[in-house]
Amino acid sequence: MQDKQFHTPHGAINVVIEPRHLPSTPQESVLGSIYTMCLNSVLEKELYGVEMGGMKYSIDTGGLSVNIALDGFKEKLSLLLDNIMHRIVNFELKREDYELYRQELERGFSHLHYSTALVNILRYQTLLDYSPAYHYKVEENALHNNVTFEKTQEYIEGLFKQTFVQMMVSGQFTEADALDMGDQVIQTINSTHLEPDQVHTVQSVNLSPGSYAYSFTIPDEDEVNSGTISTIYCGKGSDLDETAALMIIIPILQSRFFEELRTKEQLGYEVGADLYGSKVGRMSLEFVVQGEQNPLFVKLRIDSFIDGFRESLEKLSESDIQDKISALAKSILEKNKSIAEDAKEGWGAIASGWYDFNAKHKLVERLRMVTKEDVLSAWDKHVNPETATKNYTRVDYYAWSQKAWIPQREDLASHSESVVALNGCLQRDGIVNGTLGEIADAVAALASGADVSGHNQDSVHGRVISLYRDASSTLKSKAALDMAVDQAKKDAKLTDVRYKSLNDYSETDMLRTPDGAWIIGNVDTFKSAHSLNPLPEPVVELVPKYSD
């Protein structure tokens with residue numbers, strides 16, 4: 001990408017080297033981490049003065065590739081690239097460095113034990129969403145049992161025997177300069193060339209429509225906060241019409257969600273919602289809460305918010321929509337402030353696999369055509385569970401503090417989520433310590449309108465009934481009880497479960513809740529029951545300019 005905007009003597013270079021086998025196993029993932037740590041240590045010593053000279057570099061072996069990014073004065077970039085490439089390819093591992101960074105990696109794994117609820121959820125979210133992906137406990141086990149100095153040496157020696165290389169040169173360079181640097185990289189690696197279809201790639205799991213839940217206990221026994229992330233999938237980012245409509249919703253959604261669940265209900269100290277996209281372009285709307293309330297109760301409050309949010313969208317005028325479009329368009333089209341920012345944007349088009357260097361302009365074109373009807377349609381098609389019956393795809397993650405009452409998978413499969421959530425609130429508020437069956441019976445009696453006057457006030461039924469009649473109560477248990485009774489009334493009129501599912505997973509270790517959601521057991525079993533999304537296809541035909 002030749003600089004036609006900044007006209008400064010700067011440049012940026014991005015190189016991705018994709019070896020055939022990196023890292024297709026937990027062991028290779030760990031070996032790659034040790035290699036990166038040792039390599040960066042050596043480069044930091046050798047290139048100490050680089051940043052003082054106005055140059056920056058970074059090297060990472062995350063995902064399935066070796067990623068190199070450089071920026072700074074263009075006259076020195078080629079030399080820096082050459083220096084780094086030779087170091088990477090001809091790296092010699094020293095035993096003392098290996099021992100040092102192995103120990104550092106061990107300490108890093110042990111520190112992960114103390115991660116917050118949301119960090120733990122994000123870790124499992126990656127495991128469920130992508131393949132290959134490994135939990136840190138699996139990698140830690142590989143480090144202890146399968147990683148030695150000799151195996152690390154062997155890994156490094158074989159790393160660049162077969163590679164696929166992508167490279168982008170930006171700034172005040174000519175095309176000949178860029179080609180020379182590309183030749184320089186290829187000659188330094190000196191490996192057998194891989195075709196793109198021979199390279200291992202990270203792919204996302206193609207979830208079938210339905211509702212899924214993954215529940216786990218936080219490892220840190222001193223952590224008092226639990227966490228909930230509700231992820232609702234919203235189609236593909238390549239559908240610019242729907243993406244544009246959803247983007248208009250987000251600013252309104254974020255402010256209302258924070259105001260409702262953080263400010264008014266005080267469900268947690270970390271509350272947020274946003275729209276995300278993956279490398280393969282799958283969009284997802286995520287609702288995030290971390291606090292001391294039980295995750296299932298929080299999930300139900302998220303549901304309540306979603307149920308009422310359409311009304312906020314209906315109140316929007318076309319003028320409101322146009323104001324939000326103008327603000328978004330201005331933000332998206334804001335000019336990059338440096339060659340480095342320009343390069344980052346261009347490299348994003350390559351790394352995504354779409355090669356769409358005009359993506360933001362296309363998105364703004366679609367944004368300017370969005371109407372209020374489009375906004376409501378996108379919400380109803382993907383997010384509103386009452387109308388998105390064919391497309392509704394959702395995963396709820398529950399991270400439970402060990403300080404709280406924690407339901408077993410069998411509890412979730414035997415009782416409605418509203419009853420399980422209620423029991424957690426009742427125990428936290430110290431109102432009653434009954435069984436789930438007793439709580440469910442009390443809720444059923446209240447929902448049916450049966451005569452409940454004869455119950456002992458000190459019994460489970462009596463205390464639940466007393467709470468239900470206390471209109472002045474501000475306890476979370478009261479809100480949970482009201483939700484449970486209302487849901488029981490609605491469920492009595494249903495002829496089918498609330499959450500429909502395209503597939504039947506009863507032959508796996510997954511359990512189904514009375515509400516129709518599938519409880520995920522073994523992560524690998526869950527992933528094997530789904531296909532992987534195909535790799536993104538370029539939006540333009542890629543035609544080589546040079547045959548050699």
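Small disclaimer: the values here were computed from a predicted structure and weren't measured.

## Topic: the overall build of the protein chain
Thinking step 1. A count of helical and extended segments in the protein chain gives 19 helices and 15 strands.
Thinking step 2. Its C-alpha atoms put the protein chain at 90 × 60 × 45 Å along the principal axes.
Thinking step 3. A total of 548 residues make up the protein chain; the buried ones form 49% of that total.
Thinking step 4. When contacts within the protein chain are restricted to residue pairs at least 6 apart in sequence, long-range pairs at least 24 apart make up 77% of them.
Thinking step 5. Summed over its atoms, the accessible surface of the protein chain is roughly 26,600 Å², and 48% of this surface lies on carbon and sulfur atoms.
Thinking step 6. Each charge class in the protein chain can be summarised by its mean position, and for the 53 positive and 81 negative side chains these summaries are 4 Å apart.

## Some details on the packing of aromatic side chains
Thinking step 1. This structure, assessed with the given rule, holds 13 aromatic pairs.
Thinking step 2. Relative to Phe216, the ring of Tyr214 lies with its centre 5.9 Å away and its plane at 40 degrees, an arrangement referred to as tilted.
Thinking step 3. For Tyr214, a relative accessible area of 9% gives the class buried.
Thinking step 4. Geometrically, the ring pair formed by Phe257 and Phe305 is edge-to-face, given 5.1 Å between the ring centres and 70 degrees between the ring planes. With a gap of 48 residues between them, Phe257 in helix α8 (residues 240–264) and Phe305 in helix α9 (residues 295–314) connect regions that are remote in the sequence.
Thinking step 5. Its relative accessible area of 10% is what places Phe305 among the buried residues.

## With respect to the pairing of strand β5 (residues 162–171)
Thinking step 1. Of all ten residues that make up β5, seven are buried, and the element is covered over most of its length.
Thinking step 2. Taken together, the nine bridges between strand β1 (residues 10–19) and β5 define a ladder with antiparallel strand orientation. Each bridged residue has a counterpart across the sheet, and for Asn14 the counterpart in β5 is Met168.
Thinking step 3. Two elements, β5 and strand β6 (residues 192–193), share two bridges in a ladder whose sense is parallel. Paired with Gln162 across the two strands is Thr192, which belongs to β6.

## Things to note about the nonpolar core
Thinking step 1. In this structure, Leu253, Phe257, Phe287, Trp379 and Ile439 are the most contacted members of the largest nonpolar core, which totals 81 residues.
Thinking step 2. Considering every element that reaches this core, the biggest residue donor is α8, with twelve residues.
Thinking step 3. Dropping the residues within four chain positions of it, Ile439 is found in contact with Val419, Leu422, Asn423, Leu426, Val432, Val460 and Val464.
Thinking step 4. Formed by 47 residues, the second largest nonpolar core is a distinct cluster that contains Met55, Tyr57, Met85 and Val147.

## Digging into the environment of Asp342
Thinking step 1. Along the chain, Asp342 turns up in helix α11 (residues 339–351).
Thinking step 2. Between the alpha carbons of Asp342 and Glu44 there is a distance of 26 Å; along the sequence they are 298 residues apart.

## Observations regarding helix α18 (residues 476–493)
Thinking step 1. Taking 1.5 Å per residue, 18 residues should reach 26 Å; α18 reaches 26 Å between its end C-alpha atoms and fits that length.
Thinking step 2. Taken as a whole, α18 has its buried residues at Ser477, Lys478, Ala480, Leu481, Met483, Ala484, Val485 and Gln487.
Thinking step 3. In this structure, the buried residues of α18 make contact with α9, α15 (417–428), α16 (436–448) and α17 (460–469).

## Digging into the pairing of strand β11 (residues 282–291)
Thinking step 1. Here β11 lies mainly inside the structure; ten of its ten residues are buried.
Thinking step 2. Because side chains alternate across β11, one face comprises the buried residues Arg282, Ser284, Glu286, Val288 and Gln290, and the other comprises Met283, Leu285, Phe287, Val289 and Gly291, equally buried.
Thinking step 3. The pairing of strand β10 (residues 270–277) with β11 spans eight bridges and is classified as antiparallel. Residue Asp274 lies in a different strand from β11, and its bridge partner there is Glu286.

## What to know about the pattern of salt bridges
If the charged atoms of two oppositely charged side chains come close together, the side chains can form a pair.
Thinking step 1. One pass over the structure, following the stated rule, counts 25 salt bridges.
Thinking step 2. The salt bridge involving Glu106 is made with Arg102; its shortest N-O contact spans 3.4 Å. Highlighted residues: Glu106 and Arg102, both in helix α3 (residues 95–112), separated by four residues, approximately one helical turn.
Thinking step 3. You can call Arg102 buried: its relative accessible area is 12%.
Thinking step 4. When the shortest N-O distance is used, the salt bridge between Lys137 and Glu140 registers 3.5 Å. Note that Lys137 and Glu140 are positioned in helix α5 (residues 136–146) at a spacing of three residues, about one turn of the helix.
Thinking step 5. Classification of Lys137 as partly exposed rests on a relative accessible area of 44%.
Thinking step 6. Accessibility expressed as a relative area gives 15% for Glu140, which makes it buried.
Thinking step 7. Where salt bridges share partners, they join Lys299, Asp303, Arg394, Asp396, Glu417, Asp491, Arg498 and Asp515 into one cluster.

## Regarding the sheet that holds strand β13 (residues 511–512)
Thinking step 1. Pairing is mixed in the open sheet, where seven strands are placed in the order β10-β11-β9-β12-β8-β14-β13. Two strands in the sheet have a free side with no partner beyond their single neighbour: β10 and β13.
Thinking step 2. Pairing of strand β9 (residues 226–236) with strand β12 (residues 393–400) involves six bridges; the strand directions are antiparallel. Looking at β12, one finds that Thr231 is bridged to Val395.
Thinking step 3. Set on the sheet, helix α4 (residues 117–129) makes contact with β8 (210–217), β9, β10, β11 and β12; between it and β9 the angle comes to about 35 degrees.

So, how was this worked out
Residues numbered from 1 in each chain as written. Predicted model: local features only at pLDDT ≥ 70, side-chain atom pairs only at ≥ 80, totals over all residues. Heavy atoms only, no water. Helix = DSSP H or I, 4+ residues; strand = E, 2+ residues; numbered from the N terminus. Buried < 20%, exposed > 50% of the residue type's maximum accessible area, 1.4 Å probe, protein only. Contact = heavy atoms within 4.5 Å. Areas by Shrake-Rupley, 256 points an atom, 1.4 Å probe, with all protein chains shown as cover. Lys, Arg positive; Asp, Glu negative; His and termini not counted. Charge placed at Lys NZ, Arg CZ, Asp CG, Glu CD. Phe/Tyr/Trp six-rings, centres within 6.5 Å; stacked < 30°, edge-to-face > 60°. Pairing = 2+ DSSP bridges. Core = buried A, V, L, I, M, F, W, Y, C linked by side-chain atoms within 4.5 Å. Expected span 1.5 Å × (residues − 1). Salt bridge = Lys/Arg side-chain N within 4 Å of Asp/Glu carboxyl O. Axes fitted to C-alpha atoms, helices over the stretch in contact; angles between N-to-C directions.

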